[in-house]
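An overview of the molecular structure
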Number of protein chains: 2
Amino acid sequence: MGGDNSPGEVVKGAVEALRERPEVEIFLTGSEEKIKKELESLSYPQDRLHIVPAGEIITNEEPPVLAIRRKKDSSIVVALNLVKSGQADAFVSAGSTGAVLVGAQLIVGRIKGVERPPLAPLIPTMDGISLLIDCGANVDARSSHLVQFAKMGSIYMENVVGVKRPRVAIVNIGAEEEKGNMLVKETFPLLKNCNEINFIGSIEAREIPNGAADVIVTEAFVGNVILKLYEGLAMSLIKKIKQSMTATPVSTLGAALVKPQLKKTMKSFDLSQYGGAPMLGLNGLVVKSHGSSKSNEIKNSIIQCIAFKEEKISEKIAANIAAQERI
Amino acid sequence: MGGDNSPGEVVKGAVEALRERPEVEIFLTGSEEKIKKELESLSYPQDRLHIVPAGEIITNEEPPVLAIRRKKDSSIVVALNLVKSGQADAFVSAGSTGAVLVGAQLIVGRIKGVERPPLAPLIPTMDGISLLIDCGANVDARSSHLVQFAKMGSIYMENVVGVKRPRVAIVNIGAEEEKGNMLVKETFPLLKNCNEINFIGSIEAREIPNGAADVIVTEAFVGNVILKLYEGLAMSLIKKIKQSMTATPVSTLGAALVKPQLKKTMKSFDLSQYGGAPMLGLNGLVVKSHGSSKSNEIKNSIIQCIAFKEEKISEKIAANIAAQERI
């Protein structure tokens, strides 16, 4: 029920995922009346779609912790309880980011040993995608958090995205080992000594769009800035280019000719096509989709959950973190 | 003598500035022989161009503090001493950023009361430019530093760039006052209570390219990430768009037609056209130009110094900071 286009686009996305992938089964939590109305005009496999009524809605304006505690009948809390009880493997939401992140920790809970579950969106690069970890709401991270992010991110990229020995780098303001703020200087040697990951050193923000690393480790404040600037700058540049192309009659003609190719490029830099950002390290999967998600992003967010489940990511993270604890 | 294209492009840029602005007088520090060779093929007003010999060069690889202390005859140290002695008003360099920033503080020195001199590049936005302050080498800033950055940045934007009552915002991961990391939460109320500036609150990185603020305050690590990502992402996107446009014969024809307009747009997002980044709060002006600077950026960096001197920016900063100290 959250996000800018719900329940319309969310319901549509769910139906598209059901049609595309026969192994998917979906529970839609929220107003039964509204969901049924959206479903009326759609055809879908009815045996794999269930409505679980939830009478309340958490808005973006509410303080997350309070909202999760008080609104037990909200679509977010009802859905998270389905994951907690094991009835659902994953929860996809376009609703309040704060409420989803807080609720995921409070209700679904962390894997034993995981200190802080990161939010890790995939971002487009020149010729592929990279995982940016962490972009969550918990700032002021410690170095031990960042090491866990690096491990969890590697497991995700290797098993869900299919990158062999993913290159892990830490965001820094220079390539040299002695550069950086206190957190980076503290984390760098820990990552260097971590045998389970393929650590390649520091990455300057300039190199991120070039795809210089597969797993980009940073604390949530910087990660959030990178993610938002990525979105904002790409949008601004594309808007400006479109404006310039239609500035004169000649360029307008040219614009019509380059349009099909240009559209492809724009699409490859559109973050929504990769689906939402998974929150890792939980006893179940939670995927946070953009508030502005259209059905396509919802569908891709759901499909992402299949590989996560099939590749047993949570189990792999649990085993990895447990191994670390034993050392 | 530093940077990727020196002394050729640096000498050319200096000559272009001399030709364009009659009030400029230039000292070129470095190898007399090499500089003279570059000057041979150029025509310029000889009475306003002086060579000050300097036998050493500081490279990007050298530890800055050590290099500044040991290489007394380097082009950077010799130039900084000209500013210190008052023979020059400003120093423009495309050399080692670390050495320039360290040298500026050690040799030119801070204005009394300035806790930390920030590096503040101008960045392009949808319809103008904003000042991003700080992008320097001193990370792990305190809130009192950020308040001084906000004041110095406002003075610069108002007097050098000509923005009336520049809007000041602090980089944050949400618009609400309670969001942010410890540093932002501590700084926010200080900026809010600061009467000398026009503080408009938090800015999310997504809004920076839209020009939502004139002075964008942040500590150097985040500022550096924003600056580098700005450069890297714009370059990657433009490269990708160019590739896509020439992918088919039809689109190649179209590309030829949109090219002149597109070039204008690319230029407006090219950081080098605004000249280098001024380092504020010093007893003189130091401008750090990109290592990859061509003559045009060097010229613009020099021209930037004229307004800085004419508008008495250092004096205004000194008065402002002194006023604060008296309170």
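Scroll up to find the structure this text is about.
Summary of the structure given here. Keep in mind that what you see is a predicted model, and the values were worked out from it rather than measured.

What follows is about unusual backbone geometry. All names here are of chain A. Of note, the bond from Ser 6 into Pro 7 is cis; its omega dihedral lies within 30 degrees of zero at 0°. Within the element layout of this structure, Pro 7 appears in the segment before helix H1 (8-20). Within the chain, Lys 312 stands out as a residue other than glycine whose phi angle is a positive 50°. Among the secondary structure elements, Lys 312 is positioned in the loop between helix H10 (295-310) and helix H11 (313-326).

As a further point, take the sheet that holds strand S6 (residues 167-171) of chain B. All names here are of chain B. Ordered in space as S4-S5-S8-S6-S7, the five strands form an open sheet in which the pairing is mixed. Strands at the two margins of the open sheet, each flanked by one partner only, are strand S4 (122-124) and strand S7 (198-203). Between one strand axis and the next, the sheet turns through 30° on average, direction left out of account. Pairing analysis gives five bridges linking S6 to S7, with the strands arranged parallel. If you follow Ala 169 over to S7, its bridge partner there is Gly 201.

Each partner contributes residues to the interface: chain A has 52 residues there, and chain B has 51 residues. Between chain A and chain B lies a buried interface of about 4,900 Å² when both sides are counted; carbon and sulfur atoms form 75% of it. The tally of links from chain A across to chain B stands at four salt bridges. Put simply, Glu 204 of chain A and Lys 228 of chain B hold a salt bridge, and the shortest N to O gap is 2.5 Å. Here chain A and chain B share 10 residue pairs in polar contact (both at pLDDT 80 or more) between them.

What follows deals with the relation of the copies chain A and chain B. Under the fitted operation, chain A is carried onto chain B by 0.0 Å of movement along the axis and a turn of 180°, and the coordinates agree to an RMSD of 0.0 Å. Expressed as an axis order, the relation between the two copies is that of a two-fold axis. Judged by C-alpha distance, Gly 254 of chain A is the residue of chain A that lies nearest the rotation axis, at 1.9 Å.

As a further point, take the environment of Thr 125 of chain A. With respect to the helices and strands, Thr 125 of chain A occurs in the loop between strand S4 (122-124) and strand S5 (129-133). On the basis of relative accessibility, which here comes to 4%, the residue Thr 125 of chain A falls in the buried class. For the pair formed by Thr 125 of chain A and Gly 284 of chain A, sequence separation is 159 residues and the distance between their alpha carbons is 28 Å. Setting aside its immediate chain neighbours within four residues, Thr 125 of chain A contacts Ser 130, Ile 208, Pro 209, Asn 210, Gly 211, Tyr 230 and Phe 269 of chain A together with Lys 240 of chain B.

Below, the discussion takes up helix H6 (residues 143-161) of chain A. Residue and element names in this part refer to chain A. Between its first and last C-alpha, H6 extends 26 Å over 19 residues, near the 27 Å set by a 1.5 Å rise per residue. The element H6 is largely enclosed, with a buried count of 15 among its 19 residues. Following H6 by one or two positions, Gly 162 has its phi on the positive side, about 85°.

Quick notes on the rules
- Residues numbered from 1 in each chain as written.
- Chains lettered and ligands numbered in written order.
- Predicted model: local features only at pLDDT ≥ 70, side-chain atom pairs only at ≥ 80, totals over all residues.
- Heavy atoms only, no water.
- Helix = DSSP H or I, 4+ residues; strand = E, 2+ residues; numbered from the N terminus.
- Pairing = 2+ DSSP bridges.
- Axes fitted to C-alpha atoms, helices over the stretch in contact; angles between N-to-C directions.
- Contact = heavy atoms within 4.5 Å.
- Buried area = accessible area lost by both parts, 1.4 Å probe.
- Salt bridge = Lys/Arg side-chain N within 4 Å of Asp/Glu carboxyl O.
- Polar contact = N/O pair within 3.5 Å; in protein donor to acceptor, adjacent residues only side chain to side chain.
- Least-squares fit on C-alpha atoms with pLDDT ≥ 70 in both.
- Buried < 20%, exposed > 50% of the residue type's maximum accessible area, 1.4 Å probe, protein only.
- Expected span 1.5 Å × (residues − 1).

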